[in-house]
Structure formats: C-alpha cells, structure tokens
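So you can see what is in the structure, the chains are spelled out below.
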Amino acid sequence: MSEKIITLSRHIIEEQRKHPEATGKFTDLMNDIAFAAKLISYHTNKAGLLGVLGETFNVNIQGEVVKKLDVFANETMIKALDHNGHTCVMVSEESEDVIPIPENYPLGRYAVLFDPLDGSSNIDANVSVGTIFYIYLRVTPEGRPGRAEDCLQPGIKQVCAGYIVYGSSTMLVYTTGNGVHGFTLDPSYGEFVLSHPDIKTPKKGKIYSVNESNFDYWEQGIKNYIHYVKQVDEKTDRPMNSRYIGSMVSDFHRNLLYGGVFLYPASSRSPEGKLRLTYEANPMAFIIEQAGGRASDGYRRIMEILPEHIHQRTPLFIGSEKDVAMIEDFISGRLS
Ligand code: AHM
Ligand code: MG
C-alpha cells in the first residue's frame, strides 16, 4: 500500500496519540460516526431508485416498510452511537427531547449532537445533502445518564465537529481544534481517505449564499449589504457571485473551499433566524474558525453564545473572515 494513503481511522488515532490522557473512547466514537456515514451515504445514493425498483405504498420488495431517508439517517446515527460506552446522551434535529442511552448499555463521557440529514427537502431532486455532528465532554457526573445540560454548552467547549456531504462523492470533514481535514469516501473499498489535509478558507471570498426571496422581511442592514455585494466596482472586485443550493452543508462546503459567505439572517417572519444554534451553527462555526474564517449572529461570535434550549435558533453569517466582518458592520450601521 502507498505510504501516502491516510484513512480516517489512522488520522484519528494519530491525532489521539498527541493526547496521553486519551482512552480510545473518542476514537471508537468517531469510527461509529464514520460507519453511520457510510450507511447513510449508501442509502442516499440509492434514493433515486425508490419507485423504479417497484416499491409502492412505502413497502419495498423485501416486504419491509421503506423509511423516509431522514428518518433512516436519524435511526442510523442513534443506533451507531448508543451502545459502545462512549456516549452519555444525544441530541438530534429529529427528536424533540434529548435522546438517552438505553438502560442496558454502558454510559460514556461524551454528548453527541447531530442533524442526521440536513437539507433533506432537496433529496427528491438529487441535490446534495449532509449530516452534521459535534461532540462535548459531559459536565454531569460520569456513570449516570447524560442530561440536557451536557448539550447546552457554548460552542467553544466542543471537542470535535464535523459534517458529511453526500455529493458527487461523499466527503467527511472534521476538526478537533487542530485544523480542518477532509476525507473522501472511496466507494470501492469503503474507506474515508484523506484528500483535503489542513483546509484553509480564503480571508476574502467571491461568493455570497443567501435565500434572497426573504429580502423584504430582512432588517435594513442586511438589505444594504446585499445591495452592496451586487454593485459593480472593479477596485473591490464586485459584484460578488451568488450561489445558493438551499442545503447548508453543500453551500458551506463549497464556500469553505472557494471562499465566500453564507447568510441566514433573522427576518420579520422568523425573528430568531431559521437555523439551529446547536447542531447546525455551532459545529460549522468550529470548522470555519479552524479554517481561518469567522461565524457570527451579526453581533456575537456564534461559539460564545450559551444555548438555553436544544433546538434554539440563531441568525447565521459564516465564511471568509473579511466578508463576515463586513456583514457585522452593515448590521451595526457602521457601513451602509
Ligand atoms: P432542514 O434542517 O429542515 O433541512 O433545514 C435546514 C436547511 C439548510 O440546509 C438550508 O441552508 C436551509 O434550510 C434552506 O432554507 P430556505 O429553504 O429557507 O432557504
Ligand atoms: Mg437541518
């Protein structure tokens, strides 16, 4: 085997060797997430065949009920994480309350929060979707079931954040606070292989990503910024380029690699914004900061916000540092 092939498992093990106190449980946890990602990837790729293969009334040819892909992804994440003794509690976008570890399984040190299939409204059109996850060390005593307070920590306490994007290929991108690393799933042997080591995002980007149909509902500062990015000005390399998939993981991933900014502002229709502080904004904020970018709610660093409930929403401005800083200036009225 070539010296240069670094699998995800090897990468995680080598990272953990730098921490003498590591018990191996974190490595197990990451391997379980990677396994869930492979299952979800496989089923996402097959999603277009439902119907073609003769499934009717939600029952497939084996007589099994065909689950909606987001339900399948949720169950897959939970089942992958609930039994190996590394996790004490989970939060999922698909479950109203925290998800406990079943009574007969061992309890671990980690709280894991995830959005099992973000952007799933796009699935039927074959548009890329993704899984987002992040991990805290518990704050409640070990040996007992985890609680909501293990999950309601500010983003700066994350020990790991990552996402999997199910696109033209499947990629897993993660950080433990030591840079951002991207792995591409090789479908022939089912391994995530390091393809994008130490990703850095440009300090200034060319792309802006926003659902502009909400324009009339925004506050004036956001309207002014969007007007600004569309003006022609050679000196400041405007207009910027508009790209919006409507699937945050994909929009974020493209902007991370090329440079740019993703915006989901508050609006008069949703004054808190749409996206969730916990399993959507926080992990992406950790990743973008590790890549040299910035994440803000317009006033505050996302990672410093103390969540009050597990499905809390936030406005989100995330991407290249200078672009996010400029949005903050427009929101505060320093620029208009
Ligand atoms: P979801 O978690 O219900 O899939 O919603 C989150 C998605 C993001 O992926 C995407 O950025 C956003 O919703 C798109 O929202 P809109 O259709 O309002 O532009
Ligand atoms: Mg989501």
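Definitions and cut-offs
- Residues numbered from 1 in each chain as written.
- Chains lettered and ligands numbered in written order.
- Predicted model: local features only at pLDDT ≥ 70, side-chain atom pairs only at ≥ 80, totals over all residues.
- Heavy atoms only, no water.
- Helix = DSSP H or I, 4+ residues; strand = E, 2+ residues; numbered from the N terminus.
- Rg over C-alpha atoms; globule rule 2.2 N^0.38 Å.
- Buried < 20%, exposed > 50% of the residue type's maximum accessible area, 1.4 Å probe, protein only.
- Contact = heavy atoms within 4.5 Å.
- Areas by Shrake-Rupley, 256 points an atom, 1.4 Å probe, with all protein chains shown as cover.
- Lys, Arg positive; Asp, Glu negative; His and termini not counted.
- Charge placed at Lys NZ, Arg CZ, Asp CG, Glu CD.
- Salt bridge = Lys/Arg side-chain N within 4 Å of Asp/Glu carboxyl O.
- Pairing = 2+ DSSP bridges.
- Axes fitted to C-alpha atoms, helices over the stretch in contact; angles between N-to-C directions.
- Domains from an automatic or database assignment.
- Buried area = accessible area lost by both parts, 1.4 Å probe.
- Polar contact = N/O pair within 3.5 Å; in protein donor to acceptor, adjacent residues only side chain to side chain.
- Nonpolar A, V, L, I, M, F, W, Y, C, P; charged D, E, K, R; others polar.

Another aspect to go through is the overall build of the protein. For the protein, the count of helices and strands is eight helices and 13 strands. Here the C-alpha atoms of the protein give a radius of gyration of 20 Å, agreeing with the 20 Å that 2.2 N^0.38 yields for 336 residues. In terms of principal-axis extent, the alpha carbons of the protein reach across some 60 × 50 × 45 Å. Taken over 336 residues, the protein has a buried fraction of 53%. When contacts within the protein are restricted to residue pairs at least 6 apart in sequence, those whose partners lie at least 24 apart make up 62%. Accessible surface for the protein amounts to roughly 15800 Å². Of this, 51% is attributable to carbon and sulfur atoms. With 34 positive and 42 negative side-chain charges, the protein shows a separation of 4 Å between the mean positions of the two kinds.

Next up on the list: the side chain of Gln-16. Summarising the element assignment, Gln-16 is placed in helix H1 (residues 8-17). Beyond its immediate sequence surroundings of up to four residues, Gln-16 is in contact with Ala-22, Phe-26 and Thr-27.

This next bit is on the pattern of salt bridges. Across all of its chains, the model carries 17 salt bridges by this definition. Across the salt bridge formed by Glu-14 and Arg-10, the nearest N and O atoms sit 3.0 Å from each other. Taken as a pair, Glu-14 and Arg-10 lie in helix H1 at a separation of four residues, close to a single helical turn. On the basis of relative accessible area, Glu-14 is assigned to the partly exposed category, the value being 34%. Look at Arg-10 and you get partly exposed, because its relative accessible area is 37%. Here Asp-233 ties to Arg-238 by a salt bridge, and the two come within 3.3 Å at their closest N and O atoms. Assessed through its relative accessible area of 12%, Arg-238 is described here as buried. Residues joined by salt bridges that share partners form a network here, namely Glu-289, Arg-301 and Glu-304.

What follows deals with the sheet that holds strand E3 (residues 110-118). Strand order in the open sheet made by the eight strands is E2-E1-E3-E4-E5-E6-E7-E8, with mixed pairing throughout. Because the sheet does not close on itself, it has two edges, and the strands there are strand E2 (99-100) and strand E8 (191-196). Bridge count between strand E6 (residues 170-175) and strand E7 (residues 180-186): five bridges; the pairing is antiparallel. Note that in E7 the partner of Thr-175 across the bridge is Val-180. Packing against the sheet, helix H2 (residues 25-46) makes contact with strand E1 (87-92), E3, strand E4 (129-137), strand E5 (160-166), E6, E7 and E8, and its axis sits at approximately 165° to E4. In the packing of helix H7 (residues 277-290) onto the sheet, contacts are made with E1, E3, E4, E5, E6 and E7, and the angle to E4 comes to roughly 80°.

Partitioning the protein into domains gives domain 1 (8-196) and domain 2 (207-332). On a C-alpha basis, the centres of domain 1 and domain 2 stand 25 Å from each other. With 44 residues of domain 1 at the interface, the matching set in domain 2 holds 30 residues. A combined buried area of about 2700 Å² lies between domain 1 and domain 2, and 69% of that area is made up of carbon and sulfur atoms. The interface formed by domain 1 and domain 2 contains zero salt bridges. Viewed at the interface, domain 2 and domain 1 are joined by 13 residue pairs in polar contact (both at pLDDT 80 or more). Mapped onto the side of domain 1 that touches domain 2, the elements with two or more residues apiece are E1, E3, E4, E5 and E6. A per-class count over the side of domain 1 that touches domain 2 returns 23 nonpolar, 16 polar and five charged.

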